Amino acid sequence: MSVFSLNFKPIGNYTEKSLRIDNSLYEKLKQLSENKYEASINQLVNVAIENLFNLKEIKLYVSTEKIDYIQRSYLIRDSLLDKLNQLKEKTGLSVASLINIAIYEALKSEEVGK
(Lines give C-alpha, C1' and ligand atoms only; values in the text may rest on other atoms or scores of the structure.)
Protein backbone atom coordinates (compact mmCIF):
# COMPACT_ATOMS: atom_id res chain seq x y z
CA MET A 1 0.00 0.00 0.00
CA SER A 2 1.13 3.49 -0.73
CA VAL A 3 1.46 6.28 1.80
CA PHE A 4 -1.52 7.99 0.20
CA SER A 5 -3.78 4.94 0.20
CA LEU A 6 -3.08 4.43 3.91
CA ASN A 7 -4.13 7.98 4.72
CA PHE A 8 -6.87 8.84 2.24
CA LYS A 9 -10.06 7.20 1.05
CA PRO A 10 -10.45 6.73 -2.70
CA ILE A 11 -12.69 9.19 -4.48
CA GLY A 12 -16.25 8.05 -4.31
CA ASN A 13 -19.58 9.34 -5.42
CA TYR A 14 -21.30 11.81 -3.14
CA THR A 15 -24.87 13.01 -2.92
CA GLU A 16 -25.83 16.40 -1.57
CA LYS A 17 -28.39 15.82 1.14
CA SER A 18 -30.29 18.55 2.95
CA LEU A 19 -30.59 17.49 6.60
CA ARG A 20 -31.89 18.89 9.86
CA ILE A 21 -28.99 18.51 12.26
CA ASP A 22 -28.94 19.46 15.94
CA ASN A 23 -27.23 22.86 15.89
CA SER A 24 -25.24 22.14 19.07
CA LEU A 25 -23.74 19.08 17.36
CA TYR A 26 -22.99 21.11 14.23
CA GLU A 27 -21.21 23.79 16.29
CA LYS A 28 -19.01 21.13 17.93
CA LEU A 29 -18.13 19.70 14.51
CA LYS A 30 -17.31 23.21 13.32
CA GLN A 31 -14.95 23.70 16.27
CA LEU A 32 -13.19 20.40 15.52
CA SER A 33 -12.90 21.30 11.84
CA GLU A 34 -11.49 24.76 12.51
CA ASN A 35 -9.31 24.05 15.54
CA LYS A 36 -8.31 20.40 15.80
CA TYR A 37 -8.53 18.35 12.61
CA GLU A 38 -7.55 19.00 9.05
CA ALA A 39 -11.00 17.97 7.87
CA SER A 40 -14.13 19.66 6.61
CA ILE A 41 -17.44 19.32 8.41
CA ASN A 42 -18.61 17.08 5.55
CA GLN A 43 -15.63 14.79 6.12
CA LEU A 44 -16.30 14.67 9.86
CA VAL A 45 -19.96 13.82 9.23
CA ASN A 46 -19.00 10.99 6.85
CA VAL A 47 -16.56 9.54 9.40
CA ALA A 48 -19.24 9.77 12.09
CA ILE A 49 -21.66 7.88 9.83
CA GLU A 50 -19.03 5.20 9.16
CA ASN A 51 -18.58 4.80 12.90
CA LEU A 52 -22.35 4.38 13.37
CA PHE A 53 -22.16 1.04 11.58
CA ASN A 54 -19.51 -0.16 14.05
CA LEU A 55 -21.70 0.47 17.10
CA LYS A 56 -23.13 -2.58 18.82
CA GLU A 57 -26.34 -0.74 19.63
CA ILE A 58 -27.95 2.41 18.29
CA LYS A 59 -29.41 4.53 21.07
CA LEU A 60 -31.39 7.71 20.83
CA TYR A 61 -29.71 10.52 22.69
CA VAL A 62 -31.55 12.70 25.15
CA SER A 63 -30.82 16.38 25.46
CA THR A 64 -31.51 18.31 28.66
CA GLU A 65 -32.04 21.44 26.57
CA LYS A 66 -34.40 22.22 23.71
CA ILE A 67 -32.86 20.92 20.50
CA ASP A 68 -32.49 23.54 17.78
CA TYR A 69 -32.42 21.81 14.40
CA ILE A 70 -30.92 23.73 11.50
CA GLN A 71 -31.30 22.53 7.91
CA ARG A 72 -28.01 22.44 6.01
CA SER A 73 -26.67 20.62 2.97
CA TYR A 74 -24.05 17.91 3.40
CA LEU A 75 -22.14 15.78 0.92
CA ILE A 76 -22.65 12.17 1.98
CA ARG A 77 -20.87 9.25 0.33
CA ASP A 78 -23.33 7.20 -1.71
CA SER A 79 -22.13 3.95 -0.12
CA LEU A 80 -22.98 5.38 3.31
CA LEU A 81 -26.39 6.60 2.13
CA ASP A 82 -27.18 3.07 0.93
CA LYS A 83 -26.29 1.67 4.36
CA LEU A 84 -28.24 4.43 6.11
CA ASN A 85 -31.33 3.61 4.05
CA GLN A 86 -30.99 -0.06 5.01
CA LEU A 87 -30.64 0.92 8.66
CA LYS A 88 -33.66 3.22 8.30
CA GLU A 89 -35.75 0.27 7.14
CA LYS A 90 -34.46 -1.87 10.01
CA THR A 91 -34.91 0.68 12.81
CA GLY A 92 -37.73 2.90 11.57
CA LEU A 93 -35.59 5.99 12.28
CA SER A 94 -35.19 8.67 9.63
CA VAL A 95 -31.86 9.17 7.87
CA ALA A 96 -31.54 12.59 9.55
CA SER A 97 -32.12 11.01 13.00
CA LEU A 98 -29.51 8.34 12.27
CA ILE A 99 -26.99 10.99 11.21
CA ASN A 100 -27.69 13.03 14.35
CA ILE A 101 -27.08 9.89 16.42
CA ALA A 102 -23.89 9.18 14.47
CA ILE A 103 -22.56 12.69 15.10
CA TYR A 104 -23.54 12.56 18.78
CA GLU A 105 -21.75 9.21 19.28
CA ALA A 106 -18.64 10.40 17.43
CA LEU A 107 -18.50 13.58 19.52
CA LYS A 108 -19.01 11.55 22.68
CA SER A 109 -15.99 9.41 21.77
CA GLU A 110 -14.02 12.61 21.13
CA GLU A 111 -14.73 13.78 24.69
CA VAL A 112 -13.69 10.40 26.13
CA GLY A 113 -10.43 10.52 24.17
CA LYS A 114 -9.32 13.87 25.63
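Structural data are supplied above this passage.
Residues numbered from 1 in each chain as written. Predicted model: local features only at pLDDT ≥ 70, side-chain atom pairs only at ≥ 80, totals over all residues. Heavy atoms only, no water.

### Examining the layout of surface pockets
Empty space within the largest pocket amounts to approximately 590 Å³. As for the largest pocket, its lining consists of 23 residues, of which Ala-39, Gln-43, Leu-44, Asn-46 and Val-47 are closest to the centre. Sorting the residues of the lining of the largest pocket by element identifies helix 2 (23–35), helix 3 (41–52) and helix 5 (95–112) as the ones contributing at least two each. Across the lining of the largest pocket, the residue classes tally to 13 nonpolar, five polar and five charged. In this structure, the second largest pocket spans a volume of roughly 290 Å³. Only helix 2 and helix 5 provide two or more residues apiece to the lining of the second largest pocket. Examining the composition of the lining of the second largest pocket, we find that four residues originate from one element, helix 5, more than from any other. (1 Å grid on protein atoms, 1.4 Å probe; cavity = no way out; pocket = protein on both sides within 12 Å on 5 of 7 lines; lining within 4 Å. Points joined across faces, edges and corners; volume = space filled by probe spheres on them. Helix = DSSP H or I, 4+ residues; strand = E, 2+ residues; numbered from the N terminus. Nonpolar A, V, L, I, M, F, W, Y, C, P; charged D, E, K, R; others polar.)

### Structural notes on the packing of helix 3 against helix 4 (residues 78–91)
In contact at an axis separation of 11 Å, helix 3 and helix 4 are set at 45° when each is read in the N-to-C sense. Our classification of the angle between helix 3 and helix 4 gives oblique. As helix 3 packs across helix 4, the resulting crossing turns out to be left-handed. Contacts between helix 3 and helix 4 involve Asn-46, Ile-49, Glu-50 and Leu-52 from the former and Leu-80, Leu-84 and Leu-87 from the latter. Grouping the amino acids of the contact of helix 3 with helix 4 by side-chain chemistry returns five nonpolar, one polar and one charged. (Axes fitted to C-alpha atoms, helices over the stretch in contact; angles between N-to-C directions. Parallel < 35°, antiparallel > 145°, perpendicular 65-115°, else oblique. Left-handed = near helix turned anticlockwise from the far one by under 90°. Contact = heavy atoms within 4.5 Å.)

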